[in-house]
Amino acid sequence: MSGSRAEAEQKGDSRQRLQVNEYKENQNIADISLRPVQTTVLGVTAKVCLVPFSLSNYNTGQLKRPKSLLDKNSNSEVTCKKSKKAEIKRSCRRILTPKMEATSSKEESTLQKSSLDVHAESNKWQYKSPSDTVVLSPDTESSQEGDSDEDTTPGLSAARLREMIKKRQPPESKRKKPKKKENGTGCRRSMRLLRVDPSGVPLPAAPTQTVLEVDENPLIPPGPLEMTPENQDDDNALFKGFLQTWAEMSKTRSKNTEKELSSIKSYKVNLNGMVISEDTVCKVTRGSVSSMAIHPSEMRTLVAVGAKSGQVGLWDLTHQPKEDGVYLFQPHSQPVGCLYFSPANAAHLLSLSYDGTLRCGDFSRAVFEEVYRDETRSFSSFDFLTEDASTLIVGHWDGSMSLVDRRTPGTSCEKLIKTSLSKIRTVHVHPVQRQYFITAGLRDIHVYDARCLNLSGNQPLISLTEHTKSIASAYFSPLTGNRVVTTCADCKLRIFDSSCISSKIPLLTTIRHNTITGRWLTRFQAVWDPKQEDCIIVGSMAQPRRVEVFHETGKWVHSFLGGECLASVCSINAVHPTRYILAGGNSSGRVHVFMN
């Protein structure tokens, strides 16, 4: 008995010893080869396949050695064989335990692939001999403890594993491109764009047109132009009567004699009596107003308007309806920067344009004469050097000037004079001492003596350098010339004392006034009132819209408000020399007239 028992124990120990390949943890799992190890126990050959796993995710107590099949039923070999066959079937179904899910994502994918390969290989094995094949997993806990036919072990079946793998596969993100319909109609398009007539017949190709370059501002031909209004018929009897009337009115004009200034109190009373109505508001030109002048007649009211489009408009306020009293002409091709009725003959209206032309509109002859022309230069402003209007001083945008003598016909009448200014905006002659004139440059104000001008460089007698930004205008007071008013983009109106023209003209007053009109509005230009030459008139950006009057001391005097009749900014203003009439023009060609 003792010998047989020792022999049985020796055989049992030999059954428990299973040869297993050594496994060392390696991060590169894909390089490990799985080779089955065969051993013979009780005449049955068992093939063991090892699957790699990571020891870092398991505790030492989790790994248990599988119990031997002989420990359960050592007394009965028949029961052992039956249990072995059942265990083989269950072992083939058990591939992974739930604890394998604790491994890293990289190791898990490798384990799943390896397990599938092992399971597929196990299905190919056939039981041709009494020997059975057993597949053991290294981390299975007591996988052979249960002998029942039902699989109660919490393992993953091969079908469940396949479902998990399918769920983790990302769906196809590529969209199938729709097939283009060869005969599809597509989006609806105009038959005109498709060049097909309503019956479906293709239209002939349109003939190619030659594009000609057209100058937006072609120069007006040299020589005199007929005074023919664009907005009236050529044989209009009203226009012929208009010319005849104003030719006669100009002959009877009384001269403006110097008189004493009235008090500010009486002046305010007269300003309060000036009103505006719908009858005194009219659109005269198509473009923005760039210059204005009022005829000095004591009997009738005539307003001349120069526009940025090169037009010159005349509005006789005595005509009713008012549209019948408006006559529009095109003597220039670029903005009309300056307009004056001649001091010697009020039937002559002189206009200067940026296009390099200076013309005189003669009411008696119904013609625009050409006074001076220089197509190589752009003119900015002019004034009369003599009372008979025979000699003119013309300012250029490039900073030079021209002396023009109207008594000498031809181009020889012109003398080009260079200055130190880079730009000249306005030119104005002293009303009493006509040898002096003032120019407004880019940042400086210069006073020159016409008797000392030469063809080379000319130095000014006086320079006013108090301005910090661009200057819009500079004008002497109209009767005595004892004051100079300047308009600057630094929102200041400055008044200088020019009663004694010497080496310096002192600054008297600085008036704060908003002069920022922007790029779409004509710049403000403060002008003197000839009836009260110690007061200036200037447009305003304030609401409601208005035209303001200031005294030379800087005190506010009056504001012209028009309610609904004045709803825009009047940048350019003109004042009648003897009557209380004010005309203001805006940037749409509309003229607003205040009168008593």
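Residues numbered from 1 in each chain as written. Predicted model: local features only at pLDDT ≥ 70, side-chain atom pairs only at ≥ 80, totals over all residues. Heavy atoms only, no water.

**Focus on the side chain of R494**
Moving on, step 1. Note that R494 resides in strand β24 (residues 492-497).
Moving on, step 2. Contacts of R494, omitting those with residues within four sequence positions, involve E466, H467, V484, V485, T486, C488, L507, T509 and T510. (Helix = DSSP H or I, 4+ residues; strand = E, 2+ residues; numbered from the N terminus. Contact = heavy atoms within 4.5 Å.)

**Quick word on the pairing of strand β29 (residues 556-561)**
Moving on, step 1. Bridge count for strand β28 (residues 546-551) against β29 is five bridges, and the pairing is antiparallel. Of the residues in β29, the one forming a bridge with V549 is H558.
Moving on, step 2. Following β28, the chain reverses through four residues before pairing antiparallel with β29; G554 in that reversal takes a positive phi of roughly 100 degrees. (Pairing = 2+ DSSP bridges.)

**Section: the packing of aromatic side chains**
Moving on, step 1. Inspection of the entire model under this criterion finds 14 aromatic pairs.
Moving on, step 2. Centre to centre, the rings of Y372 and F379 are 5.1 Å apart; their planes meet at 10 degrees, and the pair counts as stacked. For the pair Y372 and F379, one class covers both residues: buried.
Moving on, step 3. Ring geometry for F382 versus F384: centroids 5.6 Å apart, planes at 80 degrees, classification edge-to-face.
Moving on, step 4. With relative accessibility at 0%, the residue F382 sits in the buried group.
Moving on, step 5. These aromatic residues form a ring-pair network of at least three members: F239, F242, Y327, F329, F363 and F368.
Moving on, step 6. Above the plane of the ring of W520 lies R519, whose end atom (NZ or CZ) is 4.5 Å from the centre. (Phe/Tyr/Trp six-rings, centres within 6.5 Å; stacked < 30°, edge-to-face > 60°. Buried < 20%, exposed > 50% of the residue type's maximum accessible area, 1.4 Å probe, protein only. Lys NZ or Arg CZ within 6 Å of the ring centre and 35° of its normal.)

**Quick notes on the pattern of salt bridges**
Moving on, step 1. A complete count under the given rule lists 15 salt bridges for this structure.
Moving on, step 2. D398 is the salt-bridge partner of R377, the closest N and O atoms lying 2.7 Å from each other. With R377 in the loop between β12 (367-373) and β13 (379-384) and D398 in the loop between β14 (391-396) and β15 (401-405), this pair connects stretches of sequence that are 21 residues apart.
Moving on, step 3. By relative accessible area, which is 24% here, R377 ends up partly exposed.
Moving on, step 4. Measuring nitrogen to oxygen at the nearest pair gives 3.1 Å for the salt bridge that ties D497 to R483. Of the two residues, D497 sits in strand β24 while R483 sits in strand β23 (residues 483-488), which places them 14 residues apart along the sequence. Like R483, D497 is buried. (Salt bridge = Lys/Arg side-chain N within 4 Å of Asp/Glu carboxyl O.)

**What to know about the sheet that holds strand β17 (residues 426-429)**
Moving on, step 1. With antiparallel pairing, the four strands of this open sheet are ordered in space as β17-β18-β19-β21. With one partner strand each, in any of the chains shown, β17 and β21 (462-464) form the two edges of the open sheet. Taking each pair of neighbouring strands and ignoring which way they run, the sheet shows an average axis angle of 20 degrees.
Moving on, step 2. Looking at chain direction, β17 and strand β18 (residues 436-440) are connected through four bridges and run antiparallel. Considered in β18, the bridge of V429 is made with F437. (Axes fitted to C-alpha atoms, helices over the stretch in contact; angles between N-to-C directions.)

**Some thoughts on the sheet that holds strand β32 (residues 590-595)**
Moving on, step 1. Spatially, four strands are ordered β4-β32-β31-β30 in an open sheet, and the strand pairing comes out antiparallel. The open sheet has two free edges, formed respectively by β4 (281-283) and β30 (572-575), since each of these has just one partner strand. The sheet shows a mean angle of 20 degrees between the axes of neighbouring strands, taken without regard to direction.
Moving on, step 2. Bridge count between strand β31 (residues 581-585) and β32: five bridges; the pairing is antiparallel.

**With respect to the confidence of the model for the protein**
Low-pLDDT stretches of the model should not have their predicted coordinates read in fine detail.
Moving on, step 1. Of the residues in the protein, 62% reach a pLDDT of 70 or more, and the chain-wide mean stands at 77.
Moving on, step 2. When the criterion is pLDDT under 50, residues 14-34 qualifies, and its contacts beyond four places in sequence or with other chains add up to 27 contacts.
Moving on, step 3. Note on residues 95-116: pLDDT is under 50 here. Beyond four places in sequence and across chains, it has 39 contacts. (pLDDT = per-residue confidence, 0-100.)

**Some thoughts on the environment of Q244**
Moving on, step 1. Structurally, Q244 can be placed in helix α6 (residues 237-251).
Moving on, step 2. A relative accessible area of 52% places Q244 in the exposed class.
Moving on, step 3. For the pair Q244 and A366, spaced 122 residues apart in sequence, the C-alpha to C-alpha distance is 9.5 Å.

**A look at the side chain of T517**
Moving on, step 1. As for its position among the elements, T517 is in the loop between β25 (507-512) and β26 (527-529).
Moving on, step 2. What T517 contacts, discounting residues up to four positions off in sequence, is T522, R523, F524 and M541.

**Focus on unusual backbone geometry**
Moving on, step 1. Following Q543, the chain continues to P544 via a peptide bond in cis, the omega torsion being -10 degrees.
Moving on, step 2. Checked against the element boundaries, P544 lands in the loop between β27 (532-539) and β28.
Moving on, step 3. Its identity as a non-glycine residue notwithstanding, A366 has a phi of 55 degrees, on the positive side.
Moving on, step 4. With respect to the helices and strands, the residue A366 is situated in the loop between β11 (357-362) and β12.

**Side note on the nonpolar core**
Moving on, step 1. Membership of the largest hydrophobic core comes to 30 residues, with the highest contact counts inside it found for L271, V549, F560 and L582.
Moving on, step 2. Among the elements of the structure, α7 (264-272), β24, β26, β27, β28 and β29 are those that each provide at least two residues to this core.
Moving on, step 3. With four residues, the single largest contributor to this core is β27.
Moving on, step 4. Not counting the four nearest positions on each side in its chain, V549 is found in contact with Y267, L271, C535, I536, I537, K555, W556, V557, H558 and F560.
Moving on, step 5. Listed in part, the 22 residues of the second largest apolar core include M249, A293, A304 and A347. (Core = buried A, V, L, I, M, F, W, Y, C linked by side-chain atoms within 4.5 Å.)

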